[in-house]
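# Report on the structure
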Amino acid sequence: MAMTASSRAPLAGGSSDNERSPFVRLNELLAPHQPGKPLISLAVGEPQHPVPDFVGPELARHIADFGRYPANKGTDPFRKAAGAWLSSRFRLPRPLDPESEILVLNGSREGLFLAAIAAARYVGLRPGKPAILMPNPFYPVYGAGAGAAACEPVYLPTTVENGFLPDLDAIDEATLARTVAFYLASPANPQGSVAKPDYFRRLKQLADRYGFVILSDECYSEIYTREAPGSALECAGPDFTRVVAFQSLSKRSNLPGLRVGFAAGDKKFIGIFLELRNIAAPQVPVPLQHVATVAYGDEAHVEENRRLYRIKFDLADQIIGNRYGYRRPDAGFCVWLNTSELGDDVSVTLKLFKEAGVRVVPGSFLARQQPNGFNPGAGYIRLALVQDGETTAQALHRLVETLG
């Protein structure tokens, strides 16, 4: 069925639960209750592996740089390191120009939010109400960005039937014609699905035909246990026109508190984005960029990170087995379980907390209701396998024992 202009939740600015942080809602849901066993949280996707050894010494070497304002576009060494990493990691049409096609960010979340406003400036007037498309479930900052850009968020349901990626053929032409930007998460959060090159090429064809920007959220690209995911930049053409990829060190390097990432791609978009950030965003401290420069030049700590996640997914394979529709995700560190036969996802979340002391997120909190009343996250729970192996195994055993 075609995805029409009415396929959306209420616009930003209201006070419905749909527009609030899923983690605030989870806190409120669980606040009246006590965990039935010592608490294990698998709710927040905050990596818990050790911080790489080079972080402390590199910060110490550059501590004096906290005494000056950084340039908003990022240091030359950082942008060169990010560009070199992209070229070594992905099969790009050509190397990106660090001077004009890469921009430092305070982590990918800040970039993904402001990118919606930059996209509206890049694209200009649309026929009808400007729209920003996004998967459903989705990272909440996408919806916030659409609201800040005065665009209508159009939610594209991602289900097991469409491989947990938006069905591009289901979007009607009238919606595409007024689209400003298309947020795509590959690897997807929460399901871990990965877009293949054919999918990226099809999306790029639509972007070229209708003039919108692809905002490709690739922050989970380095957490995989089998095949390395690709990038939208690989299928963007020689000038990366209308394609911008977002990366972060939070997951790749186990540095969620560093708050360093980057945007890379379309030169015109990056220029508009930099102008916006010059007046609307804080700079990234230079000492942190020095750490990030070293991080993008080292793969040993990343492979160790992957090894630790591989162990935990091996545990999930063994302990969960074929229960709750479990499948090992293509990438990322989340598990997306279908518990609909056991009750609604909110009730299951409460049961796990009150009886097993395991904190998870209801899938319906991570998604929005479609016009037909269908919430594609309903009936699912999300687990983030961020704890150590022993703690993860204990949590998974408790989950299976409690849910049966």
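The name an unreviewed UniProt entry assigns to the protein chain is Aminotransferase, from the organism Bradyrhizobium cajani. According to its UniProt record, the protein chain has this under Cofactor (unreviewed entry): "pyridoxal 5'-phosphate".

Attention now moves to the UniProt feature "domain: Aminotransferase class I/classII large" (unreviewed entry) in the protein chain. Here, UniProt's "domain: Aminotransferase class I/classII large" (unreviewed entry) annotation points to residues 38-378. Overall, residues 38-378 shows 38% helix and 15% strand. The separation of its end C-alpha atoms is 27 Å.

By size, the foremost hydrophobic cluster in this structure holds 50 residues, and its most contacted members are Leu 86, Phe 182, Phe 212, Leu 233, Val 260 and Phe 262. No other element matches the 6 residues that helix α7 (residues 197-210) contributes to this core.

A word on unusual backbone geometry. Note the cis peptide between Ser 186 and Pro 187, where omega equals 0 degrees. Mapped onto the secondary structure, Pro 187 falls in the loop between β5 (179-185) and α7. At the junction of Asn 189 and Pro 190, the peptide bond is cis and its omega measures out at 25 degrees in the coordinates. By secondary structure assignment, the location of Pro 190 is in the loop between β5 and α7. Look at Phe 164: it is not a glycine, yet its phi comes out positive at around 60 degrees. Looking at where Phe 164 falls in the secondary structure, it is placed in the loop between β4 (152-157) and α6 (173-177). A relative accessible area of 9% places Phe 164 in the buried class. The phi torsion at Arg 259 lies on the positive side, around 60 degrees, for a residue other than glycine. Taking relative accessible area as the criterion, Arg 259 reaches 30% and is therefore assigned partly exposed.

Attention now goes to the environment of Leu 308. Tracing the chain through its elements places Leu 308 in helix α11 (residues 300-320). Leu 308 sits 39 residues away from Phe 269 along the chain, and the two C-alpha atoms are 37 Å apart.

Most of strand β6 (residues 213-217) sits inside the fold, with 5 of its 5 residues counted as buried. A two-sided burial pattern is seen for β6, the buried positions comprising Val 213, Leu 215 and Asp 217 on one face and Ile 214 and Ser 216 on the other. In terms of strand pairing, β5 meets β6 through 5 bridges, oriented parallel. Its bridge partner lying in β6, Phe 182 is registered against Ile 214. In this region the chain leaves β5, passes through α7 and returns to the parallel neighbour β6; the handedness of that crossover is right-handed. Looking at chain direction, β6 and strand β7 (residues 243-248) are connected through 4 bridges and run parallel. Considered in β7, the bridge of Leu 215 is made with Val 244.

With that out of the way, let us pick up the packing of aromatic side chains. One pass over the structure, following the stated rule, counts 17 aromatic pairs. Ring plane angle 80 degrees and centroid distance 6.4 Å describe the contact between Trp 85 and Phe 262, whose orientation is recorded as edge-to-face. Residue Trp 85 is found in helix α3 (residues 76-89), and its partner Phe 262 is found in strand β8 (residues 261-265); the two are separated by 177 residues along the sequence. Using a relative accessible area of 1% as the deciding quantity, one classes Phe 262 as buried. Both rings, one in Phe 246 and one in Phe 273, keep their centres 6.5 Å apart while their planes meet at 65 degrees; by these two values the pair is edge-to-face. With Phe 246 in strand β7 and Phe 273 in helix α9 (residues 267-280), this pair connects stretches of sequence that are 27 residues apart. Each member of the pair Phe 246 and Phe 273 is classed as buried. Taken together, Phe 78, Trp 85, Phe 90, Phe 262 and Tyr 296 form an aromatic cluster joined through their ring pairs. For Arg 25, the ring lying beneath its charged end belongs to Phe 365, and the centroid distance is 4.0 Å.

Here we come to the domain arrangement of the protein chain. Along its sequence, the protein chain is organised into domain 1 (18-45 + 301-403) and domain 2 (54-297). Tallying the contact residues gives 27 residues for domain 1 and 31 residues for domain 2. When domain 1 packs against domain 2, close to 2600 Å² is buried across both sides, 57% of that on carbon and sulfur atoms. At the surface where domain 1 touches domain 2, the tally comes to 1 salt bridge. Arg 306 serves as the salt-bridge partner of Glu 222, at 3.9 Å between the closest nitrogen and oxygen. Applying the counting rule to domain 1 against domain 2 returns 14 residue pairs in polar contact (both at pLDDT 80 or more). For the side of domain 1 that touches domain 2, the secondary-structure elements that each account for two or more residues are α11, β9 (334-338) and β12 (380-384).

Looking now at the sheet that holds β12. Note: strands within a sheet are paired through backbone hydrogen bonds, in either parallel or antiparallel orientation. Across the sheet, 3 strands lie side by side as β9-β12-β11; this open sheet has antiparallel pairing. Pairing within the sheet leaves two strands with one partner each, and these edge strands are β9 and β11 (361-362). Across 5 bridges, β9 lies against β12 in antiparallel orientation. Residue pairing for β12: Leu 337 is matched across the bridge by Ile 381.

Before going further, it helps to spend a moment on the pairing of β5. Within β5, 7 of the 7 residues are buried, which leaves it mostly tucked inside the rest of the structure. Alignment of strand β3 (residues 131-136) against β5, held across 3 bridges, turns out to be parallel. Following the sheet pairing, Leu 133 is matched in β5 by Phe 182.

About the thresholds
Residues numbered from 1 in each chain as written. Predicted model: local features only at pLDDT ≥ 70, side-chain atom pairs only at ≥ 80, totals over all residues. Heavy atoms only, no water. UniProt positions renumbered as here; feature names shortened; annotations may be inferred. Helix = DSSP H or I, 4+ residues; strand = E, 2+ residues; numbered from the N terminus. Core = buried A, V, L, I, M, F, W, Y, C linked by side-chain atoms within 4.5 Å. Buried < 20%, exposed > 50% of the residue type's maximum accessible area, 1.4 Å probe, protein only. Pairing = 2+ DSSP bridges. Right-handed = clockwise from strand over helix to strand, strands pointing away. Phe/Tyr/Trp six-rings, centres within 6.5 Å; stacked < 30°, edge-to-face > 60°. Lys NZ or Arg CZ within 6 Å of the ring centre and 35° of its normal. Domains from an automatic or database assignment. Contact = heavy atoms within 4.5 Å. Buried area = accessible area lost by both parts, 1.4 Å probe. Salt bridge = Lys/Arg side-chain N within 4 Å of Asp/Glu carboxyl O. Polar contact = N/O pair within 3.5 Å; in protein donor to acceptor, adjacent residues only side chain to side chain.

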